[in-house]
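One-letter residues, chain by chain:
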Amino acid sequence: MTEIILALDVMKKDKAVSIVQKAAPYIDKVKIGYPLVLAEGLGIAEILSEYKKPLIADFKVADIPNTTRLIAEEVFSRGFSAIICHGFVGHDSVRACVETAHENMGECYVVTEMSHPGAVDFFHGGVAERIAELVCEAGADGIIAPATRPERTAVLRSLIGNKKILSPGVGAQGGDPDAIAGIVDGIIVGRAIYESSDPAAAARQYSCFRTGI
Ligand code: NUP
C-alpha cells in the first residue's frame, strides 16, 4: 500500500483543521512539524486526533541522545504515532530515537537524503548510503528519501530491504508521483494539497496512487 501523507505546514489551527477535514477521505496520515507546532503549540496534535489519522511528528530531531529522548518522549505522550529524526547525527542519537519510539509503541523514520536541491551538497558521496546502513543497524522503521530523485531513492531501497520509505517532494518540489509511488510506502504531499483552492479535489488526485484502491 502506498499511503498518502498530508504535510500540514499551515500556521493556523482553524486552517489546519479545515484542510484535514476536507482531505480526510483521500489521505492516510498527517505529518506536522515546526511551522504548525511553533505557531499553535503541540496541543494541535490532540485537536487533530479527532480525525483518526495517525500523526507523524516531523521534527527532524538532530541532537545528542539524551535530548533526542526527551523530545521523542514528549512527542509520543501527545499521541503521535511516529517521529522523524536525522541520521547524520550518528548511531547513538538514532538509537535513542528508535528506542523511545518503540517503548511508546510508535515508529521512527530517519532522514537519509533530503529532497531539496541543496541536499546534494552533503548527502551525496556515500553519506545517504551510510545512513541507510545505520537505519538497519539501529532497527528504525524506515527512512525519508526524496521523491525529487527517484533514482537515489531506488538505491536507498536496495540498501534497506523492506523497511518503509516515506517520500517528500511530490507536487510543489516537482517530484512526479508516477515515478516514485511504486518504490515507496508513502508519498508526502504538502503545498499541492493545502494551498489548493479545493484541497479535497487536490488530495483526491493523489489517491489513485494508494495501491488497491
Ligand atoms: O527531505 C525532506 N523534504 C521535505 O520536503 C524531508 C522532509 N521532511 N520534507 C518535508 O516534507 C517538508 O518539511 C514539508 O513538510 C514536506 C513537503 O512539503 P511540500 O513540498 O509538498 O509542500
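This text goes with the structure placed above it.
A short tour of the structure in this document, coming up. (Residues numbered from 1 in each chain as written. Predicted model: local features only at pLDDT ≥ 70, side-chain atom pairs only at ≥ 80, totals over all residues. Heavy atoms only, no water.)

## What to know about the overall build of the protein chain
Just so we agree on the cut-off: Runs of E in the DSSP output that reach at least two residues are strands. Runs of H or I that reach at least four are helices, and both are numbered from the N terminus. Each radius of gyration reported is based on C-alpha atoms, and the globular scaling rule is 2.2 Å times the count of residues to the power 0.38. Residue burial is assigned from relative accessible area. The probe radius is 1.4 Å, only protein chains are included, and a residue is buried under 20% of its type maximum, exposed over 50%, and partly exposed in between.
Each helix and strand in the protein chain was counted, giving eleven helices and eight strands. In summary, the protein chain has a C-alpha radius of gyration of 16 Å against a globular reference of 17 Å for 213 residues, a match within 12%. If you line up the protein chain on its principal axes, its C-alpha atoms span 40 × 35 × 30 Å. Within the protein chain, the fraction of its 213 residues that count as buried is 53%.

## Considering the pattern of salt bridges
Cut-off, in case you're wondering: Salt bridge criterion: a side-chain nitrogen from Lys or Arg within 4 Å of a carboxyl oxygen from Asp or Glu.
Under the definition given, this model contains 13 salt bridges. Notably, a salt bridge pairs Arg-210 with Asp-28, separated by 2.9 Å at the nearest N-O pair. You can see Arg-210 sitting in the segment after helix H11 (199-206) and its partner Asp-28 sitting in the loop between helix H1 (13-23) and strand S2 (29-33), a full 182 residues away along the chain. Residue Arg-210 is classed as buried on the basis of its relative accessible area, which comes to 9%. Here Asp-28 falls in the buried class, since its relative accessible area comes to 14%. For Arg-69, the salt bridge identified is with Glu-103, shortest N-O distance 3.1 Å. Highlighted residues: Arg-69 in helix H4 (residues 65-77) and Glu-103 in helix H5 (residues 91-103), separated in sequence by 34 residues. Here the salt bridges do not stand alone but share partners, grouping Arg-69, Glu-73, Glu-99 and Glu-103 into one network.

## Some remarks on the nonpolar core
The nonpolar side chains of a soluble globular protein tend to be buried, and buried together. Rule in force here: The set of buried Ala, Val, Leu, Ile, Met, Phe, Trp, Tyr and Cys residues whose side-chain atoms join them within 4.5 Å is what this entry labels a nonpolar core. A contact between two residues is defined here by any heavy atoms of the two lying within 4.5 Å.
One finds Leu-8, Ile-32, Leu-48 and Ile-83 to be the most contacted residues of the largest nonpolar core, which totals 64 residues. When residues in this core are grouped by element, the largest group, six residues, is from helix H7 (residues 127-138). Those residues in contact with Leu-8 that lie beyond four places of it in its chain are Ala-16, Ile-19, Val-20, Val-30, Lys-31, Ile-32, Leu-36 and Leu-48. In terms of nonpolar packing, the next biggest core, distinct from the first, is built from ten residues, Ile-5, Ala-7, Tyr-109 and Leu-166 among them.

## Considerations on the sheet that holds strand S3 (residues 55-61)
Inclusion rule: In short, DSSP must find at least two bridges between two strands for them to pair. An axis is simply a line fitted to the C-alpha atoms; with a helix, the fit covers only the stretch in contact. Between two such axes, the angle follows the N-to-C directions and lies from 0 to 180 degrees.
Spatially, S1-S2-S3-S4-S5-S6-S7-S8 is the arrangement adopted by the eight strands of the closed barrel, whose pairing is parallel. Pairwise comparison of adjacent strand axes, ignoring direction, gives a mean angle of 25 degrees for this sheet. In the sheet, S2 pairs with S3 via four bridges, with the strands oriented parallel. Pairing of Val-30 across the sheet is with Leu-55, part of S3. Contacting S3, strand S4 (82-86) and strand S5 (107-111), H4 runs over the sheet at an angle of about 160 degrees to S4.

## Focus on the pairing of strand S7 (residues 164-168)
A regular strand places its side chains on the two faces of the sheet in alternate fashion. For the record, the criterion: Orient the strands so they point away from the viewer, and a crossover whose first-strand-to-second-strand path over the helix runs clockwise is right-handed.
Burial runs high along S7: four of the five residues are buried. By the bridge criterion, three bridges tie strand S6 (residues 142-144) to S7 in an arrangement that is parallel. Paired with Ile-143 across the bridge in S7 is Ile-165. At this point the chain moves from S6, through helix H8 (residues 150-160), to the parallel S7, and the crossover so formed is right-handed. Two elements, S7 and strand S8 (residues 186-189), share three bridges in a ladder whose sense is parallel. Paired with Pro-168 across the two strands is Ile-188, which belongs to S8.

As far as function goes, none of this settles anything; it's purely spatial.
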